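# An overview of the molecular structure
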Amino acid sequence: MTQNTPLKKYLFIFAGANLAMMVIAAVVLTLLDMDGNAGVNMGILIGSAMAAGHYFIKDHQRLPTAAEKRWLVFMSFLASVLVSLLFVLVVVLLEPNGFAVIMMTLQEQALVFLIVMLVVSVVYLLVLWLGYGFMLERQFKAMQKKAAS
């Protein structure tokens, strides 16, 4: 990292954006009586990474270095897992019967659950890598172009 760049701020921005988008998506999907899907989750993940990346670029006027990018990707992944667990905990507290169904399903389908979680984790890491890499680079170029005009 360059000169002790503090990255915790961007991790909190990511986590806050992730939680806010999850709540908004849950409310909208509930009001519209729709089921969520992987596309909604990927959109939330990309949006959260773009929010954190936007503030990084705004504060430092540059893209993250390779070491900063790795830290942001892995810590954002961890934050997204923790936010998701917090969200599930709130849902379980609001709907206690759902917890019994979740536990029964996990006991019956433990191997399938582990495989799915592994695949989803790899996809999440890839999406975060692209979010803090390719997509953030495009955002940086757009910000430079806007500043030049």
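Residues numbered from 1 in each chain as written. Predicted model: local features only at pLDDT ≥ 70, side-chain atom pairs only at ≥ 80, totals over all residues. Heavy atoms only, no water.

Further remarks concern unusual backbone geometry. Positive phi is not limited to glycine here, since aspartate 33 has a value of about 55°. With respect to the helices and strands, aspartate 33 occurs in the loop between helix H1 (8–31) and helix H2 (38–60). The class of aspartate 33 is exposed, set by a relative accessible area of 70%. Not every positive phi belongs to a glycine, and glutamine 61 is a case in point at roughly 55°. Position of glutamine 61 relative to the elements: it lies in the loop between H2 and helix H3 (66–94). Using a relative accessible area of 59% as the deciding quantity, one classes glutamine 61 as exposed. (Helix = DSSP H or I, 4+ residues; strand = E, 2+ residues; numbered from the N terminus. Buried < 20%, exposed > 50% of the residue type's maximum accessible area, 1.4 Å probe, protein only.)

Below, the discussion takes up the confidence of the model for the protein chain. Detailed conclusions should not be drawn from predicted coordinates in areas where pLDDT is low. Looking at the protein chain, the pLDDT average stands at 88 and 97% of residues meet or exceed 70. Per-element confidence in the protein chain is highest for H1, whose mean pLDDT is 93, and lowest for helix H4 (residues 96–108), whose mean pLDDT is 79. (pLDDT = per-residue confidence, 0-100.)

What follows concerns the packing of aromatic side chains. Throughout the structure, instances matching the rule amount to 1 aromatic pair. Look at tyrosine 10 and phenylalanine 56: their rings are 5.3 Å apart centre to centre, the planes differ by 70°, and that puts the pair in the edge-to-face class. Of this pair, tyrosine 10 sits in helix H1 while phenylalanine 56 sits in helix H2, and the two are 46 residues apart along the sequence. Since its relative accessible area comes to 2%, tyrosine 10 is described here as buried. (Phe/Tyr/Trp six-rings, centres within 6.5 Å; stacked < 30°, edge-to-face > 60°.)

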